[in-house]
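Below are the chains, spelled out letter by letter.
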Amino acid sequence: MSFLRPKFITFDCYGTLTNFHMGTMTRELFADRVKPEQMDQFVKDFSAYRLDQVMGDWMPYDEILKTALARTCKRWGVEYRDEGQLYYDAVPTWGPHPDVPAGLSKIADTIPLVIFSNASNSQIMSNVDKLGAPFHKVFTAEQAQAYKPRLAAFEYMLDNLNCGPEDILHVSSSFRYDLMPAHDMKIKNKAFVARGHEVPGNAFYGYQQITDIGGLAALVGL
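Residues numbered from 1 in each chain as written. Predicted model: local features only at pLDDT ≥ 70, side-chain atom pairs only at ≥ 80, totals over all residues. Heavy atoms only, no water.

(A) Up close: the overall build of the protein chain. Of the regular secondary structure elements, the protein chain holds ten helices and six strands. Expected size for 222 residues packed as a compact globule is a radius of gyration near 17 Å; at 17 Å, the protein chain falls within 12% of this value. Here the protein chain, with 222 residues, has 51% of them falling under the buried criterion. A separation threshold of at least 6 residues defines the contact pool for the protein chain, and within that pool the share at least 24 residues apart is 62%. (Helix = DSSP H or I, 4+ residues; strand = E, 2+ residues; numbered from the N terminus. Rg over C-alpha atoms; globule rule 2.2 N^0.38 Å. Buried < 20%, exposed > 50% of the residue type's maximum accessible area, 1.4 Å probe, protein only. Contact = heavy atoms within 4.5 Å.)

Structure below.
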């Protein structure tokens, strides 16, 4: 089944387009403090605290990382050595998943591409420049003063695109950050990129699943 041709295709960036190495870094940085058999859970807990942290009032992304990691360490009873800054500094160096440049090239000349990222203004363009395709607009949580999954983040994006939820196809590898709130925003056209870091939700959320960005072209009839 194909979507109607949207006015914009909107994307999550980190995890969906950019290969997000947060878990890999965590395994390396905490190898001396967390047992190997417990590391998977430590990584999951750090992810959960990052999600919890963005649900409150906006704060800079470096503070999100530092606070979430400190909370994780406290829960686990391990020493926090201010590694949060290391994560923040590493994010702009990360490049795309291998399928991204070719997948975007199939659609970029026909439908304007847009990013809304849970990032700071100073980080995101380094990642976007590595994606290999032109983007019509790039929005950040810093601009919106709200992080996804806050609905205010989606409201900011739609207001600044001067369009309605019916006008976009939203693409993400995350249900909790993107596709669940997109459903609440009445964004009908949604694509889940099965990167493996989240288990798909149920059909209630009304999405199309693709294995990589190369699958988008078929969804929009290209």
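(B) Here's a closer look at the nonpolar core. Within the largest apolar cluster, 56 residues are counted, with the highest numbers of intra-cluster contacts made by Phe11, Leu104, Phe135 and Leu216. Per-element accounting of this core gives the leading share, seven residues, to helix α2 (residues 39-54). When neighbours within four sequence positions are excluded, Leu216 is seen to be in contact with Phe11, Ile107, Leu169, Val171, Ala191 and Ile210. Within the second largest apolar cluster, 15 residues are counted, among which are Phe8, Val114, Phe116 and Phe154. (Core = buried A, V, L, I, M, F, W, Y, C linked by side-chain atoms within 4.5 Å.)

(C) Broad picture of the side chain of Thr72. Counting through the fold element by element, Thr72 comes out in helix α3 (residues 61-76). Once residues lying within four places of it in the same chain are set aside, the contact partners of Thr72 are Phe42, Asp45, Phe46 and Tyr49.

(D) Representation of unusual backbone geometry. Put simply, Lys148 and Pro149 share a cis peptide bond, and its omega is 15 degrees. Considering the arrangement of structural elements, one finds Pro149 in the loop between α7 (141-144) and α8 (151-161). Phi is positive for Asp82, which is not a glycine, with a value near 60 degrees. Mapped onto the fold, Asp82 is located in the loop between α3 and α4 (84-90). For Asp82, a relative accessible area of 43% puts it in the partly exposed group.

(E) Just the packing of helix α1 (residues 22-29) against α2, in detail. In the contact formed by α1 and α2, the axes pass within 10 Å of each other and the chain directions differ by 125 degrees. Accordingly, the angle class assigned to the pair α1 and α2 is oblique. Of the two possible hands of crossing, α1 and α2 adopt the one that is right-handed. Facing α1, whose interface residues are Met22, Gly23, Thr26 and Arg27, α2 presents Met39, Asp40, Phe42, Val43, Phe46 and Arg50. The class makeup of the residues in the contact of α1 with α2 is five nonpolar, two polar and three charged. (Axes fitted to C-alpha atoms, helices over the stretch in contact; angles between N-to-C directions. Parallel < 35°, antiparallel > 145°, perpendicular 65-115°, else oblique. Left-handed = near helix turned anticlockwise from the far one by under 90°. Nonpolar A, V, L, I, M, F, W, Y, C, P; charged D, E, K, R; others polar.)

(F) Local environment of the pattern of salt bridges. In total, this model carries ten salt bridges according to the counting rule given. Close ionic contact of Lys148 with Asp178 constitutes a salt bridge, the shortest N to O distance being 3.0 Å. Of the two residues, Lys148 sits in the loop between α7 and α8 while Asp178 sits in helix α9 (residues 175-184), which places them 30 residues apart along the sequence. Given the relative accessible area of 2%, Lys148 is considered buried. Look at the salt bridges and you will find they share partners, linking Asp32, Arg33, Glu79, Arg81 and Glu83 into a network. (Salt bridge = Lys/Arg side-chain N within 4 Å of Asp/Glu carboxyl O.)

(G) Summary view of the pairing of strand β3 (residues 137-140). Relative to β3, strand β2 (residues 113-117) runs parallel, the two sharing four bridges. Each bridged residue has a counterpart across the sheet, and for Ser117 the counterpart in β3 is Thr140. (Pairing = 2+ DSSP bridges.)

(H) A look at the packing of aromatic side chains. Counting across every chain of the model gives 14 aromatic pairs. With a centroid separation of 5.4 Å and an interplanar angle of 85 degrees, the aromatic rings of Phe20 and Trp94 are classed as edge-to-face. With Phe20 in the loop between β1 (8-11) and α1 and Trp94 in the loop between α4 and α5 (100-105), the pair connects residues that are 74 residues apart, well separated along the chain. Assessed through its relative accessible area of 26%, Phe20 is described here as partly exposed. (Phe/Tyr/Trp six-rings, centres within 6.5 Å; stacked < 30°, edge-to-face > 60°.)

(I) Quick look at the side chain of Thr10. Inspection of the secondary structure puts Thr10 in strand β1. For Thr10, a relative accessible area of 0% puts it in the buried group. Discounting chain neighbours no more than four positions away, the residues touching Thr10 are Val114, Met157, Leu161, Ile168, Leu169, His170 and Val171.

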